[in-house]
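Here are the chains, one letter per residue:
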Amino acid sequence: MLDIYTLGDEVLREKCKEITKFDAALKMLADAMIETMDEADGVGLAGPQVGVPEKIFVIHIGDDEPMVFINPEIIETTIEECPYEEGCLSIPGVYHEVIRPAGVTVQAQDVNGKAFTLKADGLLARAIQHENDHLSGVLYIDHLPESEQKSVIRSYERKNRSRLKAKKRGV
Ligand code: NI
């Protein structure tokens, strides 16, 4: 299990580095990320969220196999957009509707370095966009108008008061 970094942690705002070594350490990282995501009941988790500012994210939706995306690039988005309620393991306890393209085509590499292209819609398209944003230091709340962003942050702080205090004390 890996520690999940949360709102305010600098690593979430870093621009992630390209991954060039497809070795055993990368496979271990991907496995640990999948385990951490599953344990936290998330559908996606990106490198910076576990303190690794590198271009990797994992997605696990329903009964589908977990997927690993390395050095991903969204090469196409649909003109059609739709709202969807998003949450983030790095902003626990709060959710907010975000409008994004309904479908995407993503190019990426798997954990062995093999390139693949995937066309997605629905929750998968949503998760890909959300996780891909993390690799540029972008959080879903950044897409919201300022007033909504502030109210999401306030409610996050309310819901996480004791944990945030402990964090300040360095516990
Ligand atoms: Ni997230």
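Here, every reference points to the structure presented above.
Notes on the structure in this doc start here. None of the values given here were measured: they were computed from a predicted structure.

**Some words on unusual backbone geometry**
Link 1 in the chain: One non-glycine residue, D41, lies in positive phi territory at about 60°.
Link 2 in the chain: Mapped onto the elements, D41 comes out in the loop between α1 (24-39) and β1 (44-46).
Link 3 in the chain: Of note, N71 is a non-glycine position whose phi angle comes to about 50°, a positive value.
Link 4 in the chain: Looking at where N71 falls in the secondary structure, it is placed in strand β3 (residues 67-77).

**A word on a negative patch on the surface**
Link 1 in the chain: A cluster of acidic residues, D31, E35, D38, E39 and D41, forms a negative patch on the protein surface.
Link 2 in the chain: If you trace the backbone, E35 turns up in helix α1.
Link 3 in the chain: Classification of E35 as partly exposed rests on a relative accessible area of 46%.

**Observations concerning the sheet that holds strand β6 (residues 103-109)**
Link 1 in the chain: Taken together, the five strands give an open sheet; going across it, the order is β1-β2-β3-β6-β7, and neighbouring strands pair in antiparallel fashion. Because the sheet does not close on itself, it has two edges, and the strands there are β1 and β7 (115-121). Each adjacent strand pair in this sheet contributes to an overall mean axis angle of 40°, direction not counted.
Link 2 in the chain: For β3 and β6, the ladder comprises five bridges, and the chain directions are antiparallel. Looking at the pairing, E73 lines up with Q107 of β6.

**Some points on the pairing of β6**
Link 1 in the chain: Among the seven residues in β6, five count as buried, and that is most of the element.
Link 2 in the chain: Where β6 lies against β7, seven bridges are found, and the strand directions are antiparallel. Each residue of the ladder has a partner; that of A108, found in β7, is F116.
Link 3 in the chain: In textbook terms, the turn of a hairpin is the stretch between consecutive antiparallel strands, and for β6 and β7 this stretch comprises five residues, one of which, G113, has a positive phi near 90°.

**Side note on the side chain of Q129**
Link 1 in the chain: With respect to the secondary-structure elements, Q129 resides in helix α2 (residues 122-134).
Link 2 in the chain: Contact partners of Q129, with chain neighbours within four places excluded, come to I74, R100, P101 and V104.

**Looking at the environment of E10**
Link 1 in the chain: Looking at where E10 falls in the secondary structure, it is placed in the segment before α1.
Link 2 in the chain: Given a relative accessible area of 61%, E10 falls into the exposed group.
Link 3 in the chain: It is 26 Å that separates the C-alpha atoms of E10 and H60, two residues lying 50 residues apart in sequence.

**Here we look at the packing of helix α3 (residues 146-159) against helix α4 (residues 161-169)**
Link 1 in the chain: One way to put it is that α3 packs onto α4 with a least axis distance of 5 Å and a crossing angle of 80°. Our classification of the angle between α3 and α4 gives roughly perpendicular. The residues of α4 that touch α3, namely those facing Y156, E157, R158 and K159, are R161, R163 and L164.

Analysis parameters
- Residues numbered from 1 in each chain as written.
- Predicted model: local features only at pLDDT ≥ 70, side-chain atom pairs only at ≥ 80, totals over all residues.
- Heavy atoms only, no water.
- Helix = DSSP H or I, 4+ residues; strand = E, 2+ residues; numbered from the N terminus.
- Patch = residues over 30% accessible without salt bridge, like charges linked within 9 Å, V, L, I, M, F, W, Y side chains within 5 Å.
- Areas by Shrake-Rupley, 256 points an atom, 1.4 Å probe, with all protein chains shown as cover.
- Salt bridge = Lys/Arg side-chain N within 4 Å of Asp/Glu carboxyl O.
- Lys, Arg positive; Asp, Glu negative; His and termini not counted.
- Charge placed at Lys NZ, Arg CZ, Asp CG, Glu CD.
- Buried < 20%, exposed > 50% of the residue type's maximum accessible area, 1.4 Å probe, protein only.
- Pairing = 2+ DSSP bridges.
- Axes fitted to C-alpha atoms, helices over the stretch in contact; angles between N-to-C directions.
- Contact = heavy atoms within 4.5 Å.
- Parallel < 35°, antiparallel > 145°, perpendicular 65-115°, else oblique.

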